[in-house]
Structures are given as structure tokens and as C-alpha cells.
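A structural walkthrough
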Amino acid sequence: MKFTLSWLYDHLETSATLPEICAKLNQIGLEVEGVENRGAAIEPFLTARILEATQHPNADRLQVCRVDAGPGFQDVQVVCGAPNARAGLAVIFAPPGTYVPGLDITIKAGKIRGEASGGMLCSLRELGLGEESNGIAELPDDTLPGQSYADFAGLDDVVIEIAITPNRGDALSVCGIARDLAAAGLGTLRPWLAETVDGTFTSPIVWENTYTEACPWVLGRTIRGVKNGPSPEWLRRKLESVGLRSISTLVDITNYFCFDLGRPLHVFDVNKLSGGRLIVCRGEGETFRALDGQDYIVTPDDCVITDANGVQSLAGIMGGEASGADDATTDVFVECALFDAVSIALSARRVGISSDSSYRFERGVDPALPVAALEAATRLIIDLCGGEASEVVSAGAQPEWQRDASLRFKRMQDLGGLDVPAQESVSLLEKLGFEVRDQTDDAVRVNVPSWRNDIAQKPVLAQGADIAPDAAAKAAEGVSQIEAESDLVEEILRLKGLDRVPAVPLPPISVVPGTALTPRQARAARARRILAARGLVETVGFSFVSHEEALRFGGAPDSLRLLNPIASDLDQMRPTPMVNLVSAAQRNSARGWADIGLFEVGPAFSENGQQLVAAGVRVGHTPRYPGQESGAVSLWAAKADALELLTQLGIAPEALNTTTDAPSWYHPGRSGVLRQGPKNILAYFGELHPSLLQAEGIDVPVVGFEVLMDAVPDPKRRKKSAPKLSAFQPVRRDFAFVVERDVPAENLLRAVRGADRTLVTNVSLFDVYEGPHVPEGYRSIGVEVTLQPVEKSLTDAELEAVSERIVAAVAKTTGATLR
Amino acid sequence: MSDDLEILRQEVLSELTGAADMRAWDAIRVGTLGKSGRLTALLKALGKMAPDERKARGVALNRLRDDLTRAIEDRGQVLEAAALEARLVAERVDVSLPPPPAAQGFIHPIARAVEEMTAIFGAMGFSVAEGPDIETDWHNFSALNTPDHHPARTDHDTFYLPPAPGLDVTRVLRTQTSGVQIRTMLAQKPPIRVICPGRTYRADHDATHSPMFHQCEGLVVGQGITLGHLKGCLIEFLRVFFDKPDLPVRFRSSYFPFTEPSMEVDIGWSRRTGEIGGGEDWLEVLGSGMVHARVLANCGLDPREWQGFAFGMGIERLTMLKNGIPDLRSFYESDIRWLRHYGSDPLAPALLHEGV
């Protein structure tokens, strides 16, 4: 909402300065979004007249002018290059020392090509006011020299823009803003009284109302014999200063009251209406052309105004093109109605219009104002356009808007945290227009003013379905008892200023606070640190990706496709953060940063719900170093990332088994699934599928992993038993087994481990070999086994026995033989 | 002393001087003192001598053995030191070579900010609550006193999803994490102190808006919680978060459907330099207020018994201010250069006792 200081002064008598007004607006909840003071920047510029203009002796394109710019500058010589500079012309003069905003220079007195120049004659563009720059600005011939140009041009007014919160429909008017400022102690509200205009004839247009839910009350009257046309200067300037376009006097008057009183009005051209009757009713699917030139289809939920020809107005939102006032209008019918806020909000959203009118109706207009507003509008129309007014016609009646609210004074402290004396609370409420009905030492009951639709409303609840009925009823009763009181506490606090409320520390729950995170939340935080400590860089990707990309990563169900995406490539909830990581790899690689590692710990979406996934990619090649070849990133690095993360989260690597059925976005022969038991999938890892990389436009190798964090069982916080630290040296033995190529090494390692659970404390693989000396279709696997004696050193015979057990166990489960 | 002994002494000493390495030295040692060494042979021959000769010869031989043993040991130490010296010279490398490169990982600024917020609010007794990104209309709006026609809804530019298969419930991408507050109040009896950090979504995309961003909301419900506590809590948070004990904090009346009284919170800064805490200007960083009676009742809490406050802040916005990050969109672009520049060290998590 924009308004000017001078418009504010129409309603507020105050000596407050601009900064004081802005500070107060901010304090009381009318947030200042901008202050435009165009006059301040051009304050030094003066009106002037060229007395004489002669050719510059040393320059073809310059003239030497004698200029009268009023007191102090009555006869100044100025060198000017404008082709239109001529004797007698009224101009804009910048004295020495003036900052010229359009040129970003400060004028100095001096000589130009040898001729003295004591200032500058300016174009509007140089003042930062316009685009035209065909020479200097030409002012009207009768302009008196020596005036402030800003005053002369009416640019001395300050425009203030404030944000009005949705509850404050009453502040969508200059009058309402003035009322709030006055209540906050910043001056006195000027009384506003509409002068009644008696009707002299019966209106040829009458109202009928068949949709009273959407329109409880509608008024109007005809004014005949008017002359429409351009608005007078003051009205045009007022509207333009707040960003409105002046259209014609009649339309401008409706806009004026919309901003001045927050009272939307509409004018119909009587001669374009037919049937003598305007009907407020439901739409019937008709197409209607509004004043914006667009066609809209109205539904039975929309409130419209029709005549014998059909829909003439989308009520409270926008009038119709067919019956609007124009310069030829001689008889006008003024509509002043009360439309239901919810009905207007839903209709306006349905048709996609937000007009100054609908904006106000949605937020609630003053239900007591229509009669006075119609009188005031009539008066102004007759004053500016002439004509005579009919009697007022109406349908429906003023709705019952009267409400009261009570305040227990101690609630100022108990809820608001500020002790406000009872009488001060009452006095502040009265300044806002509340009327005291009764008052005791402890409490006051007040009538709510008609314009405050936000206070003491009937509570509307949307209680959870699972709440026990008695608890729900008790809570609802609580709301009806205290909500209006909270409204009043808020009003008093905002006028007092929230900065007056002393800050109080929250009472501690315990001296040393408990943990803020659940074990699962802490685990996600640790996952980030673990992966970053492995050299991967964390990213945050959008939760939505393109439908096509999601398909490549296995999941794009329609139920997870946005109904109103902001862009076609952001329309599908991602099945895995891997989607974003792969495209991030592509973007970085295309920029010349191919050799990187990225990860994200974030949500993945499927029809089964949302789960947390820690995904990572390693892209490109390993770094070059003396004695170290650079190679493509390897799937083992990705497997190590996943295993390390799982290990740190409490999963022993021995408890995992690897299967080869990773999802389709991985290379089928170079990827795996880490499972705990046959069912619980904890992670995928591997090289990404070459076709996927090609589709994504990536020409460097990429390996990756996805750890399904929600599938990782909660860590058991068991107390650790004391370690058995044997006094005897461990024995390390190497075994080489020949085994069919397709037997997973993991099975072999597990068999070794299981051969003697006491003695075998570690098994590590050191060699895998295929080639000469190993049969075709077989490979040799070398493992080092650590045997840890507990009671006494192992004898050769015991060593031999355990070795045989190992070989036998491996042979039994894998068919391998000792090489 | 007999001549032969003196000759032996001179020979051995001269050979020792000539020994250039430990191998030559060892040959001399063995050739002199070893089992078949020259001195050993002389000592062995002593037994065959006449007793009177033997005595004098024995004394001389013993002295010679002592002398040579010492001389050999001394020479050995010298040679050993020389050998070590030579090895150290030979093993010298160019230590100015860089070590093998190890990739440095980083934590994203958003995760870092959430950690910091958790640490600070955690110290004030808050715990972290989370909820789904896809919310029902009720959790995101209706329960928060924002019915369907409410003007605040149009401000939110909500993303909608089709109903879940088999369920006729309007689903939205949450526009705020307030749904988590609702879930918390439904699930646990007060007193409640939670913060709810998480992803939020609004259909808006330009230089200062992203269709996905992060919010951290907070909720305190208890008995005797007043607006004074709200102020105390938020001022404390902002001053610790920005590490400015004197940070100016301003509370302005405002409106949110789910709080009453409602207020926006500004911090002092300089528009010209961007410095937090300095200058004449104010910058909005938070929305907050006392929890609306209807919201409490929608969650089954009697507002006569319980009251409290709630607040919400944009995580990116606070991170940008704290770290001087100019562009919102860069948070999600995953440009490795940006991530390395603004990312933080995983081994230096936000710990109050180390400084956040």
C-alpha cells in the first residue's frame, strides 16, 4: 500500500518528522517497505527564464545565455549547448554546487571555451526524472523564476510504501493508517464526516439480491447529467503518486475512495445498462469481458452482477467492459456493496485476478461505512462532474457486526510479558476506537469498532481427527474464552512497542542440557562428517528433478509428480539424491572440474514414503604423483566409502554380504548391493551405467554409492566387555586357494573365518590371480590368516590341525582346493 | 716388549688406519682377535713356554690384547659413524616436494548452519524434531489457523501433489516446517522445546527466491511462558549465532495466522558495508510470536492451561548474512569451487565449547 505524506495529512494532524512517522509505522505493524522522496534529490534546482541567448564566440554549437533564476541569481551567464535554448524560454536552472543526478556530476562555476558559466540549464533526464533529452526542459511560459522546481512540479511529496498484513484490512486506506498512527500517539486524527446529498429523483436502476451469502448488503444511486473527462490536477496527482493511472474523473473518484477510505466502489454507465435492474446473483457459466479486456467464465460459486443483457460485473473483483463509464457517460450508477471476504477470496483466486478492490474485500472492509461512503462519493462526483443525484437504492441490510471483547489486565504481563497499568490499557484501546462497556479493577469489556474485522472473531478450529473428544472440547472452550483477549493484548502491545517488553531468559530445564538429537539424527550428522573426512564435498540438491531423469533412476510415479511445477525440469520428486549428484558431476565436468568427489545426505521419495539416503559420487581420475599413475576412479573407492560409513554407524563388515543385483543405473557387472541378512538392503555401490553417463552427457568415469540410512539398524549401546589381550604372539599364515571364478571371494573369506572362531582373529585377502598355472575358469585367491593363541603358544601339530580345518571348511563351502 | 709383539701392534694399527669400511675392519678384527687370529695364536702358544718366560710374555701379550681390542673398537666406532653419515647423505630427498595429494572434503554451509543452530538452541534445552517434506494440507495450513480461503495461503505459492494412492487427502510440499510443530504437539505432552530445521518449498524462482530452501522453526510450549521469554530466547540465539554480544535486535509487530501477538525480528546492520551489528539500518531475520490459541486447540491443548511461542527463520538467509554469501541460488548449484570456498571442515563441527 502506497500513500503520500500530503495524503496522510488529509487525515492526520501531526508535527512528526518523516523518520518518526516511519519508525512508528514499523513499530505498530505497518512495515515500511520503501520511502521515495523524489523531491529531496532535486531540491536545489530552480525555475528560471532565459533573458538573452547569443552565439558563443569560440564554439559553433554553444550559446551564451543570460538567465534570471530569481533572488541571488537574477542575472547569471550560463553557457548552454542545447539547440532549443532561446530568449524568453522558461527553464530549469542548477546553481553552482548542485549535484545533477542524471549526470552524476556536481556543477561548478567556471569558464567554457573562454566564456564564464555560472550554472547549468537542465533537461528532465539530467534531473533523473524522464527519458526525453532533446535539449533542455521547456516549462510553461508563465512560470515565475526562482521557485524550487520540485515544488513547482509537485514532486515535493514523499511516497511511503508499507506492507499490510492480511489481518489489517482496515489499514488498506490512508484514513486507517492515520487512525493507527494517531492511536500510537503520533498526532490527531482529523474528523471525517460525509456530507449528505439528498436525492431529487427515483433511481432508474434498482437492486435485486439473490446471493446474500456472498453479498449481505448492496447500495447504489444514479447521478444524472454528469460530464466525465480528465480529472483535476489534484486528483490526478494523488492517484499517480501512489502508482495508479488516471483514467477519467468518474473512475478516478472510485479509486480515490478505495485508497482514501479503503472503500471499493464501482460506477456503471446507466445508458449501457438495460432492464432497469441490477441483480446480485450466482454466475451461470457465462463468459464475461472485464475492464482489463480479458474474458472470464463465471461459475455458480462466483458472485456476479447482471442486467437484462447478462453479467456486467464480477462483483467486488472487477467491473465489465460493456457497462463501464467513459468520456461519453452522462448518467452514472454508483455501486457500494458489502461482499463476503471468503467468497471474494475464492472467486478472485479462481479467475486469477487480484484487484485493489478484491484485495480489500478479501481482507475485510468496514461493514458500517457504506452509507457514508456512498454519500461522500456522490458529493465528490457532483463537485467534479456536476449532475444531480437520485435517492439511494439498496438490497439487504447492514449485517450484525457488533462484537465485544474482554481483557483481564494481568494478561498483559502473563501473556505479553509487559506490565501495563490498567488505565493505560483502556486508554490505548479507546484511541483505537474501542468503546468501554464496563470496567472493574481487574478487567475491562469493550465494543470492537466496525472496521476491525480481525478482532474477537468467532473462532474457527480445525482440530486433529485423532484428539480425544473431551480434550478437543475443552481446548475449543479455552479458545472461545481467551482468543479475543489475546487480540486486545496484541493491540496494546503494538501501540506500546514490543521493544518495551523486557527480555527474560528461558528457565533452564536442567543445568546441563540433554542431547538435542535423537540417535538417528546424530547419525545423519556423523554421516556428513565421515564422508567429508574421506575427501568428498557435501552438496544440497533440489528434492524435485525432471521426470525423465527420475525415470533413469528407476522411479517417477505419477503420485510424486508435482501438479504445478515451477519448471518442466523440476516436476518429479527425486527417487534418490544420486540424480542430483550425477547432474552436478556433469555440470562441474563441463566447466573443467572433472576430478571431484561429491555427496549428499538427503531425502529420497518413493510411493512408500520418504527415506534418508547418503549418496556419493567419485568422478574422473585419481591425481598424478611421482611414482603413482593417475587412473580412473574405481568402484573399490565407492565400496570403501559405503563400507566405511556403515562400519562407523555400527555395522561390522563381516555382518554384510554382497550381492550383484544393484539397481539399473549401475554397471551390471561392476556394482553390488550390501545386505545385512537376505532381506535388509543397506547400500548400493559401483560404477555408474555407461548408458546413463552417455544420456547425462558425462564423458568421464563415475563411481558412486547410496547408503539407505533408514535401513541401518539403530546402534546398540551395549557396554563393551573387557578385551582379551593375549600374552602370546599371533601366528600369521598364508593360504592360496584355487576356486571356480564365479565363486565370490566373500564366501571364501567367510569360510576361513568360520573355520575356528577362537583362533582365527583376522583374515585378509592379498592376492587374486588368473592365468598360467591356474586352470581355465578358475582363479587363485591368497589370504593371510591371523591365529591368536589364548592359553599357550601353538605347537606345530596344533597349527597343522587348524590349517587343515581351514582348508576343509573352504573346500566344503566353495569347492576350492589348496593351490 | 718383544719385537714380534711390537711388530704385530704396528701392523694391526696400520691396517686399522687403512681400513675404509666395516668389512675391512671386520677382517682385521677377526684376523687379530678371532679364533685363528694372529694374537690369539700367540696367546695359544703361551702354554708351551717355560714358566719363567711365560710370565713376562703373558703380561706383555695381555697388554697388547687390551691395547688392540681398544684400538679395534675405537676404529669400529669411527667407521660406523662414517658409514651412517654416508647413508644419511645417500638417503637425502627433496623435502620441498609436495606430499601425495589427499582430497579435502567439506560440509555444506546449510548443514553447518543447522549444526550451529542445534548447538545453540540445544544449550537452551531444545531438541530437534523432524517431519516429512510431503505434508497434508491440514498439517501445513489448516491446523495452523490458515483455512483454504486465507490470504496468507496465496502468499505461499504452494506446490501441490496428487493424493497418495488410496487416500483422498490433499498433499503439498511443505511451505514451512510448521507441520512438524503440529506433529510434535500431537505426539507429546508439554512442556515442549523443539526446533524443526528442514527443507521447505515455494513456487518462486528468481535471484532472491529458490523453489526449495531451508527453514528452522522453533516451538516452546509450557506454563507461564510469555513474550518476554520469546525475546530472551531469540536475542540470545542471534547474539551467539552472529558472535556479536551487543548485536542490536528489534521486535516489530506483525501478523502470522498461527501466532498472536506476532512479530518480526530485525538485527542491526549496515546497508552500505553489509556489516552485521554495525550501522544504522535494520534487517529482518525472523518471524515469531506467541502460539495462537487456535493452533494449540487444533492440537488438543487447552490454551487456558498452555501457552508458548514459536518462531521461524530462513537458514540460507542467516547463513548468507553470517558468511557474506551474495547469491541464494549458488547453494544448490553444487559448483565445486563454491562448495570448497564456503564449505566447512568436517573435523571442526559446531561445538559450543570450541566456538560456533
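None of the values given here were measured: they were computed from a predicted structure. (Residues numbered from 1 in each chain as written. Chains lettered and ligands numbered in written order. Predicted model: local features only at pLDDT ≥ 70, side-chain atom pairs only at ≥ 80, totals over all residues.)

Looking only at helices and strands, one finds 12 helices and 10 strands in chain B. In terms of principal-axis extent, the alpha carbons of chain B reach across some 130 × 50 × 45 Å. In chain B, buried positions account for 45% of the 356 residues. Look at the contacts in chain B between residues 6 or more apart in sequence, and 65% of them connect residues 24 or more apart. (Helix = DSSP H or I, 4+ residues; strand = E, 2+ residues; numbered from the N terminus. Buried ≥ 20, exposed ≤ 12 C-beta atoms within 10 Å, placed from the backbone. Contact = placed C-beta atoms within 7 Å.)

Our focus in this paragraph is the interface of chain B and chain A. Across the contact, 89 residues belong to chain B and 93 residues belong to chain A. For the side of chain B that touches chain A, the element with the highest residue contribution is helix α9 (residues 227–241) of chain B, accounting for 8 residues. A breakdown of the residues in the side of chain B that touches chain A according to their chemical character gives 52 nonpolar, 23 polar and 14 charged. (Nonpolar A, V, L, I, M, F, W, Y, C, P; charged D, E, K, R; others polar.)

The subject of this paragraph is the UniProt feature "binding site: Mg(2+)" (unreviewed entry) in chain B. Cross-referencing UniProt, the feature "binding site: Mg(2+)" (unreviewed entry) maps to E260 of chain B in the present numbering. Residue position: E260 of chain B is located in strand β8 (residues 259–269). Once you skip the residues sitting within four places of it in the chain, E260 of chain B turns out to touch S486, D487 and E490 of chain A together with G289, M290 and H292 of chain B. (UniProt positions renumbered as here; feature names shortened; annotations may be inferred.)

Quick look at the pairing of strand β36 (residues 666–676) of chain A now. Residues and elements named next belong to chain A. Bridging between strand β35 (residues 656–659) and β36 involves 4 bridges; their strand directions are antiparallel. Residue pairing for β36: T658 is matched across the bridge by L674. The turn joining β35 and β36, which pair antiparallel and follow one another in sequence, is formed by 6 residues. Both β36 and strand β37 (residues 680–688) contribute to a ladder of 7 bridges, which runs antiparallel. Counterpart to S671 in the pairing with β37 is G686. (Pairing = 2+ DSSP bridges.)

By a widespread convention, an interface's size corresponds to the accessible area lost as its parts come together. When its domains are assigned, chain B resolves into domain 1 (2–91) and domain 2 (109–342). For domain 1 of chain B and domain 2 of chain B, the distance between their C-alpha centres works out to 90 Å. (Domains from an automatic or database assignment.)

Okay, helix α9 (residues 356–363) of chain A next. Residue and element names in this part refer to chain A. In terms of residue burial, α9 counts as a mostly covered element, since 7 of its 8 residues are buried. Looking only at α9, the buried set comprises S357, S358, Y359, R360, F361, E362 and R363. Immediately downstream of α9, the backbone of G364 shows phi near 95°, a positive value.

The next thing to look at is the environment of G76 of chain B. Mapped onto the elements of the fold, G76 of chain B is located in helix α4 (residues 51–90). Distance from G76 of chain B to A348 of chain B, taken between C-alpha atoms, is 53 Å for residues 272 residues apart in sequence.

Next up on the list: the pairing of strand β6 (residues 212–222) of chain B. Residue and element names in this part refer to chain B. For β6, the tally of buried residues reaches 10 of 11 residues, placing the bulk of the element in the interior. Across 10 bridges, strand β5 (residues 192–201) lies against β6 in antiparallel orientation. Of the residues in β6, the one forming a bridge with I195 is G218. Pairing of β6 with strand β10 (residues 307–314) involves 8 bridges; the strand directions are antiparallel. Residue pairing across strands places V220 opposite F309, the latter belonging to β10.

Next up on the list: the UniProt feature "domain: FDX-ACB" (unreviewed entry) in chain A. The UniProt record annotates "domain: FDX-ACB" (unreviewed entry) at residues 726–819 of chain A. This span, residues 726–819 of chain A, is 32% helix and 34% strand, and a straight line between its end C-alpha atoms measures 32 Å.

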